[in-house]
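# Residue-level structural notes
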Amino acid sequence: MALPDMPAPARTLDTSGRLCPFPIVETAKAVRSLDEGAVLLVISTDAGIATDMPMWCKATRNEHLGTFREGSAWKSFVRKRAR
């Protein structure tokens, strides 16, 4: 299954092989370095990201564009919120 059309990420963060909370902790660090409106793609092999990423985005008011499974990996797209 092909991924839905997503905006091109300004940065890709590969957290494959790492378990919670590492993907979310690293996402928080990466988002801080992005410009407002920029998109971060987070790749993870921890299925928990499908639940954790939308919750983190809601808590931090960043925009969760979607989390999709591709083979054994998950791809989450996050847009940095405007202040």
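Above this text you will find the structure in question.
Bear in mind that the values here come from a model prediction, so they are computed numbers and not experimental data. (Residues numbered from 1 in each chain as written. Predicted model: local features only at pLDDT ≥ 70, side-chain atom pairs only at ≥ 80, totals over all residues. Heavy atoms only, no water.)

With that settled, the discussion passes to the overall build of the protein. Looking only at helices and strands, the protein has two helices and four strands in total. For the protein, the α and β elements follow one another from N to C terminus as β-α-β-α-β-β. The C-alpha radius of gyration computed for the protein amounts to 12 Å, which stays within 12% of the reference 12 Å derived for 83 residues, consistent with globular compactness. Dimensions of the protein, computed from C-alpha atoms along their principal axes, come out at roughly 35 × 25 × 20 Å. Within the protein, buried positions represent 40% of all 83 residues. As presented, the protein carries roughly 4,900 Å² of accessible surface, and 53% of it is formed by carbon and sulfur atoms. Taking the average place of the 12 positive charges on the side chains of the protein and the average place of its 9 negative ones, the gap between the two points comes to 6 Å. (Helix = DSSP H or I, 4+ residues; strand = E, 2+ residues; numbered from the N terminus. Rg over C-alpha atoms; globule rule 2.2 N^0.38 Å. Buried < 20%, exposed > 50% of the residue type's maximum accessible area, 1.4 Å probe, protein only. Areas by Shrake-Rupley, 256 points an atom, 1.4 Å probe, with all protein chains shown as cover. Lys, Arg positive; Asp, Glu negative; His and termini not counted. Charge placed at Lys NZ, Arg CZ, Asp CG, Glu CD.)

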